[in-house]
Amino acid sequence: MPLMAEVKATTGIVGLEVVPNAREVLISLYRKTLKEIEAVPEDEGYRKAVESFTRHRLNVCQEVEDWEEIEKRLGCGQVEELIEEAQDELKLMGLLKEWDAWGVPDDYECEIIENDAPVPKHVPLHRPGPLPAEFYKTLEAVSTKSLPKKDDPVIAAAEPKQ
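(A) The arrangement of the overall build of the chain in detail. Scanning the chain from N- to C-terminus turns up five helices and zero strands. Moving toward the C terminus, one meets the helices and strands of the chain in the order α-α-α-α-α. Split into buried and exposed, the 162 residues of the chain put 28% on the buried side. Counting only contacts in the chain whose residues sit at least 6 apart along the sequence, the fraction spanning at least 24 positions is 66%. Surface accessibility of the chain: about 12300 Å² in total, with carbon and sulfur atoms responsible for 54%.

(B) Molecular detail of the pattern of salt bridges. All told, the structure shown has seven salt bridges when counted by the stated rule. Measuring nitrogen to oxygen at the nearest pair gives 3.1 Å for the salt bridge that ties Glu51 to Arg47. In this pair, Glu51 and Arg47 both sit in helix α2 (residues 45–63), four residues apart, roughly one turn of the helix. Across this residue pair, the class does not change: Glu51 and Arg47 are buried. Among the charged side chains, a salt-bridge network with shared partners connects Lys8, Glu71 and Glu80.

(C) Focus on the nonpolar core. Within the largest apolar cluster, 22 residues are counted, with the highest numbers of intra-cluster contacts made by Leu26, Tyr30, Cys61, Ile70 and Val79. For this core, the secondary-structure elements that each account for two or more residues are α1 (22–36), α2, α3 (67–74) and α4 (79–99). Non-local contacts of Ile70, meaning those with residues more than four positions away in its chain, are made with Arg23, Val60, Cys61, Val64 and Val79.

(D) Up close: a nonpolar patch on the surface. Residues Leu131, Phe135, Tyr136 and Leu139 make up a contiguous nonpolar surface patch of roughly 380 Å² in combined accessible area. Along the polypeptide, Tyr136 turns up in helix α5 (residues 133–144). The class of Tyr136 is partly exposed, set by a relative accessible area of 46%.

(E) A look at the side chain of Glu51. Take Glu51: its relative accessible area is 13%, and that puts it in the buried class. Once residues within four sequence positions are removed from consideration, Glu51 is found in contact with Leu34 and Ile37.

(F) Examining the packing of α2 against α4 more closely. Contact pair α2 / α4: the axes reach a minimum separation of 13 Å and the direction vectors enclose 155°. Here α2 is positioned roughly antiparallel relative to α4, judged by the angle of their axes. The hand of the α2/α4 crossing is left-handed. Contact with α2, carried on its side by Tyr46, Val50, Phe53 and Arg57, involves Leu82, Glu85, Glu89, Leu92, Met93 and Leu96 of α4 and no other residues of that element. Partitioning the contact of α2 with α4 into residue classes produces seven nonpolar, no polar and three charged.

(G) Structural context of α3. Along α3, the residues that are buried comprise Trp67, Ile70, Glu71 and Leu74. Looking straight down α3, one finds its buried side chains confined to an arc of 95°; they lie on one side. Elements that come into contact with the buried residues of α3 comprise α1, α2, α4 and α5. Of the residues trailing α3, Gly75 is marked for its positive phi of about 60°.

About the cut-offs
Residues numbered from 1 in each chain as written. Predicted model: local features only at pLDDT ≥ 70, side-chain atom pairs only at ≥ 80, totals over all residues. Heavy atoms only, no water. Helix = DSSP H or I, 4+ residues; strand = E, 2+ residues; numbered from the N terminus. Buried < 20%, exposed > 50% of the residue type's maximum accessible area, 1.4 Å probe, protein only. Contact = heavy atoms within 4.5 Å. Areas by Shrake-Rupley, 256 points an atom, 1.4 Å probe, with all protein chains shown as cover. Salt bridge = Lys/Arg side-chain N within 4 Å of Asp/Glu carboxyl O. Core = buried A, V, L, I, M, F, W, Y, C linked by side-chain atoms within 4.5 Å. Patch = residues over 30% accessible without salt bridge, like charges linked within 9 Å, V, L, I, M, F, W, Y side chains within 5 Å. Axes fitted to C-alpha atoms, helices over the stretch in contact; angles between N-to-C directions. Parallel < 35°, antiparallel > 145°, perpendicular 65-115°, else oblique. Left-handed = near helix turned anticlockwise from the far one by under 90°. Nonpolar A, V, L, I, M, F, W, Y, C, P; charged D, E, K, R; others polar. Arc of directions from axis to C-beta.

Purely geometric stuff here, so don't read any function into it on its own.
In structure tokens, the structure reads:
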């Protein structure tokens, strides 16, 4: 008889319930995300980013069965948080599609600000804060691995020696 995977007792986050089948839920959400993102033009940065990190996360979920190992390898929070994030991404994609975010009218004109020109007062200056170290680890994993295309079979990679 196969051993059952350990189910966590709590997420430790108020209002965020444990999802006993989180791996299966994530795989389903990531597959749906990859299908839905096809509605976004191929040359859009948003599509490229979503496809890249979603494929990476899907591959990890397919390679690893244990939720603790998934959390460790992705380094982006608990599986329950990843589920909420994936659900939010799908909602955002629906809104972007509804808003036709990539449809620019032919008569649209925009002001071009050259790099050395002062930024007009009506334009907010956005200076994002530093990202968590886990983000850079995931980015490195996505950047250095040759991720399979959507139709390629997934081949489990050997763990790197440390």
